[in-house]
There are 2 protein chains.
Amino acid sequence: MSDQTPAFALELHATDGAARTGILHTGRGDIRTPAFMPVGTVGSVKAMLPQSVRETGADIILGNTYHLMLRPGAERVARLGGLHKFCGWERPILTDSGGFQVMSLSKLRKITEEGVAFQSHIDGAKEFLSPERAMEIQRLLGSDIQMVLDECPAFGGSEEVIEKSLALSMRWAKRSRIAFGEQPGKGNFGIVQGGTFEHLRKRSAEALKEIGFHGYAVGGLAVGEPQAMMFETLDFTVPHLPTDRPRYLMGVGKPDDIVGGVVRGIDMFDCVLPTRSGRNAQAFTWDGTLNLRNACHAEDTGPIDTECRCPACRQFSRAYLHHAVKTNEIIASMLLTWHNLTFYQDLMAALRTAVAEKRIADFARTFIARYGERKSG
Amino acid sequence: MSDQTPAFALELHATDGAARTGILHTGRGDIRTPAFMPVGTVGSVKAMLPQSVRETGADIILGNTYHLMLRPGAERVARLGGLHKFCGWERPILTDSGGFQVMSLSKLRKITEEGVAFQSHIDGAKEFLSPERAMEIQRLLGSDIQMVLDECPAFGGSEEVIEKSLALSMRWAKRSRIAFGEQPGKGNFGIVQGGTFEHLRKRSAEALKEIGFHGYAVGGLAVGEPQAMMFETLDFTVPHLPTDRPRYLMGVGKPDDIVGGVVRGIDMFDCVLPTRSGRNAQAFTWDGTLNLRNACHAEDTGPIDTECRCPACRQFSRAYLHHAVKTNEIIASMLLTWHNLTFYQDLMAALRTAVAEKRIADFARTFIARYGERKSG
């Protein structure tokens, strides 16, 4: 590592039970943990300018390798100076490996030991992703946190199916780690798989620790299982992860999922929910969600949330947002996305404070009592 | 008029040939003229926050009575505190009368002496717009500049058709002016019709002056006629308008149309072109227009315009904008709209300076030589 580049390292400031808070240092800046990462699928957090994303309080965003490898292409992004410069976001970016979207979006997939062949969902072009290519793409993008390629089995698979998939994912993790090599100020995260089977999660965590990563993700959750099953899986998985490395719960989630994840020792989250919901008239508040499409908002001069600091709440009424939703004005997506990302970041800030003040259990109870709880997957 | 409310009055600072520059004072703030008014059809300048519209340099925006009367409805906007508060824009707003959209968007129109009956293009509801109702709606919205209801005949009508339509429009203008009454700090504009017939334009202008308005618009242009015919019509119409009142060329236009309008003594313009084009990958520059969808931009690391001060040009490459257009990201509409509105406002500022420095003819020549000229309608 060069003398100029800060080490990629987690600095823990406080713990409260399993919950932790601190700073994840990277070569491109610090990330306050627990952190929520807005999703910038193809190089834009939808309906937001990068400076607005930063204003919500985000320290890091996520980019999708699958989408970016298809358009505009990793080599093109590299020629244009890397993803940060390309999309106007100078702070850290985490990229996934592309594996999850290959499974959920592409056509005609064929998985072999070497990797996964698939057809682009955009134009049907034949593509191939191996652990080595997934890491090469993320390096070309200039990603600060690069995820190993893994296989993502659907929820509800038999133990035999999950075990076989896990074995492949662990072999791919090893190849990914070798391909990552050493990149000053950047990190390579392994992904714990194993479905909801305790012994498989343990086996996966041990295998990844043996390889040695800069951080550890929990994958294969938030894929349709009930919240209680997700929390139970975290309860028996997180204790097998090193305490001195960041822990990332992939694709999670609803606000109450995140609160439960922090209580169980997770440091990082990502989800399309605040942005996607924002484009679909849904607003998050401390009292649960609102659907601005509902006629009850048509003459409501109050804001979404009187306490919120975002432009949607400071400058516009629910009546206006309802009107903008009904008339399909782009400003509805812009304002509701901004609000939702602000809510998520304010929630993370409150969680960090609660851990620092050693009252996370109280905070979680109070939050759930007011917000409500997710009943199903 | 109350002592607190500034008079609605045009203060001319300089003239150069027929061209003029100055300030139009209103109760809600000053408008630098010549002025371009971005169009905020249903209470939002599409893909822009109000503060961003202001940052481009706009002193006034336009709202469409037709759209707003259908959704959310004028009485509802009034109950919610007026259009300014509703849409978050505190500066002046001009509203049209709804007449033009009734003709172009609605179904089953029937025009009588009393007004126009039509069906909403949204849900087929039966609606009626009279001169009195058009003014009532604009008063309910709280508009600062309220336009008379007129009939807008299509381009290419016979002299007889245009003459008959004009007579009706002048009777409606009189009724509109009476309905407007006196509103401190606000203005009521008449609309000169008469197609491309010199004697009809003169007759229309004389009739409106006889009624007496706070400003005079030129209507019925930019409806498909060649640019030369529009300019010729301005050449024989503007001299019949009072010099001490603002002149507004409705629905115009392309940058070279605006330059030609300013040369001919027009003070105010509005057009959906910069916003609509922005949502369709087109960017305006001093060297003409660019289509960001074109593959030639895919690896261009330069901005749309190296001289431009907008966020699209300061922070993003043509390559990124091309990518955002191709992937249908909302940020493409946001950034290109912002750029185009900035270009239009910078053009207006340059025109104001050129008039003040008495070099508008040179400016127009130089502009057209670089930008190009509209050849057809």
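Source: prediction; values computed, not measured. (Residues numbered from 1 in each chain as written. Chains lettered and ligands numbered in written order. Predicted model: local features only at pLDDT ≥ 70, side-chain atom pairs only at ≥ 80, totals over all residues. Heavy atoms only, no water.)

Enquirer: Could you clarify how one ought to interpret the pairing of strand 16 (residues 288-291) of chain A in this entry?
Expert: Both faces of the sheet carry side chains from a regular strand, because those side chains alternate between them. As paired strands, strand 15 (residues 282-285) of chain A and strand 16 of chain A are joined by four bridges and run antiparallel to one another. Within the sheet, the bridge partner assigned to Ala283(A) lies in strand 16 of chain A and is Leu290(A). (Pairing = 2+ DSSP bridges. Helix = DSSP H or I, 4+ residues; strand = E, 2+ residues; numbered from the N terminus.)

Enquirer: How should I be thinking about the domain arrangement of chain A in this particular structure?
Expert: Interface size is commonly expressed as the accessible area that is lost once the parts come together. All names here are of chain A. Split by domain assignment, chain A resolves into domain 1 (9-271) and domain 2 (278-371). The gap between the C-alpha centroids of domain 1 and domain 2 is 27 Å. Taken together, the contact pairs 30 residues of domain 1 with 27 residues of domain 2. Between domain 1 and domain 2, a total of about 2400 Å² is buried, with carbon and sulfur atoms accounting for 72% of that surface. (Domains from an automatic or database assignment. Contact = heavy atoms within 4.5 Å. Buried area = accessible area lost by both parts, 1.4 Å probe.)

Enquirer: Looking at this structure, I do not really get the sheet that holds strand 1 (residues 9-16) of chain B. What am I missing?
Expert: Sheets are built from strands paired through backbone hydrogen bonds, the pairs being either parallel or antiparallel. Residues and elements named next belong to chain B. The strand order across the open sheet built from three strands is 1-2-3, with neighbouring strands paired in antiparallel fashion. Each end of this open sheet is capped by a strand with a single partner; those strands are strand 1 and strand 3 (29-33). Sheet twist, expressed as the mean angle between neighbouring strand axes with direction ignored, is 15 degrees. As paired strands, strand 1 and strand 2 (residues 19-26) are joined by seven bridges and run antiparallel to one another. What sits directly across from Leu 12, in strand 2, is Gly 22. (Axes fitted to C-alpha atoms, helices over the stretch in contact; angles between N-to-C directions.)

Enquirer: Can you walk me through the sheet that holds strand 2 (residues 19-26) of chain A in this structure?
Expert: Residue and element names in this part refer to chain A. The three strands lie next to each other as 1-2-3, forming an open sheet whose pairing is antiparallel. Edge positions in the open sheet fall to strand 1 (9-16) and strand 3 (29-33), since each of these has one partner strand only. Strand-to-strand twist across the sheet, computed as the mean angle between neighbouring axes with direction ignored, equals 15 degrees.

Enquirer: Would you explain the state of the cysteines in this entry?
Expert: Among covalent bonds in proteins, the disulfide is the one between the sulfur atoms of two cysteines. Residue and element names in this part refer to chain A. Taken as a whole, this structure holds zero disulfides over all chains when the rule is applied. No disulfide involves Cys 296; its sulfur sits 16 Å from the nearest other cysteine sulfur, which is in Cys 313. The cysteine Cys 310 is free of any disulfide, with Cys 308 supplying the nearest cysteine sulfur at 3.7 Å. Residue Cys 310 is classed as buried on the basis of its relative accessible area of 1%. (Disulfide = S-S within 2.5 Å. Buried < 20%, exposed > 50% of the residue type's maximum accessible area, 1.4 Å probe, protein only.)

Enquirer: What is the right way to look at the UniProt feature "domain: tRNA-guanine(15) transglycosylase-like" (unreviewed entry) in chain A in this model?
Expert: The UniProt entry lists residues 18-372 of chain A under the feature "domain: tRNA-guanine(15) transglycosylase-like" (unreviewed entry), expressed in the numbering used here. Along residues 18-372 of chain A one finds 44% helix and 18% strand; the C-alpha atoms at either end are 23 Å apart. (UniProt positions renumbered as here; feature names shortened; annotations may be inferred.)

Enquirer: Teacher, can you tell me more about the pattern of salt bridges here?
Expert: A side chain of one charge can pair with a side chain of the opposite charge if their charged atoms are brought near each other. Going through the model one piece at a time under the given rule, you end up with 46 salt bridges over all chains. Glu329(B) serves as the salt-bridge partner of Lys46(A), at 2.5 Å between the closest nitrogen and oxygen. With one member in each of two chains, Lys46(A) in the loop between strand 4 (35-38) and helix 1 (50-56) and Glu329(B) in the loop between helix 13 (318-326) and helix 14 (330-356) form a pair that bridges those chains. Residue classification places Glu329(B) among the buried residues on the basis of a relative accessible area of 5%. One continuous salt-bridge network, built from bridges that share partners, spans Arg32(A), Arg54(A) and Asp59(A). (Salt bridge = Lys/Arg side-chain N within 4 Å of Asp/Glu carboxyl O.)

Enquirer: I'm lost on the relation of the copies chain B and chain A in this one. Help?
Expert: The relation between the two chain copies is a rotation about an axis coupled with a shift along that axis. When chain B is fitted onto chain A, the two copies agree to an RMSD of 0.0 Å after a turn of 180 degrees and an axial shift of 0.0 Å. Such a turn and shift between the copies fits a two-fold axis. Residue Ile330(B) of chain B places its C-alpha closer to the rotation axis than any other residue of that unit, at 3.9 Å. With an isologous cut-off of 70% or more, the 100% of interface residues of chain B that recur at the interface of chain A puts this contact in the isologous class. (Least-squares fit on C-alpha atoms with pLDDT ≥ 70 in both.)

Enquirer: Can you walk me through the pairing of strand 11 (residues 187-192) of chain B in this structure?
Expert: All names here are of chain B. Most of strand 11 is tucked away, with six of its six residues classed as buried. Residues Gly 187, Phe 189 and Ile 191 point to one face of strand 11 and Asn 188, Gly 190 and Val 192 to the other, with burial holding for every one of them. Sheet analysis places strand 10 (residues 145-147) next to strand 11, joined by three bridges and oriented parallel. Looking at strand 11, one finds that Gln 146 is bridged to Asn 188. As paired elements, strand 11 and strand 12 (residues 215-218) share four bridges and run parallel to each other. Counted as the bridge partner of Gly 190 is Tyr 216 from strand 12. Handedness of the crossover joining strand 11 and strand 12 through helix 8 (residues 198-211) is recorded here as right-handed. (Right-handed = clockwise from strand over helix to strand, strands pointing away.)

Enquirer: Even after reading the chapter, I still don't get the confidence of the model for chain A, so can you show me in this structure?
Expert: Interpretation of the predicted coordinates at a detailed level should be avoided for regions scoring low in pLDDT. Averaged over all residues, the pLDDT of chain A is 96; the fraction at 70 or higher stands at 98%. Predicted complex, confidence summary: ipTM 0.97, pTM 0.97. (pLDDT = per-residue confidence, 0-100.)

Enquirer: Help me out: how do you make sense of the packing of helix 10 (residues 255-263) of chain B against helix 15 (residues 360-371) of chain B in this one?
Expert: Packed helices, taken two at a time, are described by the angle their axes make and the gap between the axes. Residue and element names in this part refer to chain B. Between helix 10 and helix 15, the least distance of the axes is 10 Å, while the angle of their chain directions is 165 degrees. In terms of their interaxial angle, helix 10 and helix 15 are classed as roughly antiparallel. Here the hand of the crossing between helix 10 and helix 15 comes out left-handed. Side by side, helix 10 and helix 15 meet where Pro 255, Asp 256, Val 259, Val 262 and Val 263 of the first sit next to Ile 360, Ala 364, Phe 367, Ile 368 and Tyr 371 of the second. When grouped by side-chain class, the residues that make up the contact of helix 10 with helix 15 number nine nonpolar, no polar and one charged. (Parallel < 35°, antiparallel > 145°, perpendicular 65-115°, else oblique. Left-handed = near helix turned anticlockwise from the far one by under 90°. Nonpolar A, V, L, I, M, F, W, Y, C, P; charged D, E, K, R; others polar.)

Enquirer: Hey, could you run me through the interface of chain B and chain A in this one?
Expert: The interface is formed by 35 residues belonging to chain B together with 35 residues belonging to chain A. Counting the surface lost from both chain B and chain A, the interface buries some 3300 Å², and carbon and sulfur atoms represent 61% of this. Taken together, the connections running from chain B to chain A amount to six salt bridges. With its nearest N and O atoms 2.4 Å apart, the salt bridge here joins Glu299(B) to Arg79(A).

Enquirer: Even after reading the chapter, I still don't get the environment of Val355(A), so can you show me in this structure?
Expert: Residues and elements named next belong to chain A. Take Val 355: it is sitting in helix 14 (residues 330-356). We classify Val 355 as buried; its relative accessible area is 0%. Through-space distance from the C-alpha of Val 355 to that of Gly 17 is 8.9 Å; in sequence the pair is 338 residues apart. If we ignore the near neighbours within four places in the chain, the residues touching Val 355 are Ala 14, Thr 15, Asp 16, Ala 19, Arg 20, Thr 21, Val 262 and Ile 360.

Enquirer: So what exactly am I meant to see when it comes to the UniProt feature "binding site: Zn(2+)" (unreviewed entry) in chain A here?
Expert: Residue and element names in this part refer to chain A. As recorded in UniProt, the feature "binding site: Zn(2+)" (unreviewed entry) lies at Cys 308, Cys 310, Cys 313 and His 339. A maximum C-alpha distance of 8.0 Å among these annotated residues, which run over 32 residues, shows that they cluster at one spot. Along the chain, Cys 308 turns up in the loop between strand 16 and helix 12 (311-315). The class of Cys 308 is buried, set by a relative accessible area of 9%. Among residues more than four places away in sequence, those in contact with Cys 308 are Cys 313, Arg 314, His 339 and Thr 342. Following the sequence through the fold, Cys 313 ends up in helix 12. Exposure remark for Cys 313: the relative accessible area of 8% places this residue in the buried category. Those residues in contact with Cys 313 that sit more than four places away from it in its chain are Pro 303, Ile 304, Asp 305, Cys 308 and His 339.

Enquirer: Could you clarify how one ought to interpret the nonpolar core in this entry?
Expert: Where a protein is soluble and globular, its nonpolar side chains tend to be buried together. Among the nonpolar cores identified, the biggest contains 223 residues, and Tyr248(A) and Tyr248(B) are the most heavily contacted of them. Among all residues touching Tyr248(A), those that are not within four sequence positions of it are Met37(A), Leu62(A), Leu94(A), Met147(A), Phe189(A), Tyr216(A), Ala217(A), Val218(A), Ile266(A), Met268(A), Phe269(A) and Asp270(A). (Core = buried A, V, L, I, M, F, W, Y, C linked by side-chain atoms within 4.5 Å.)

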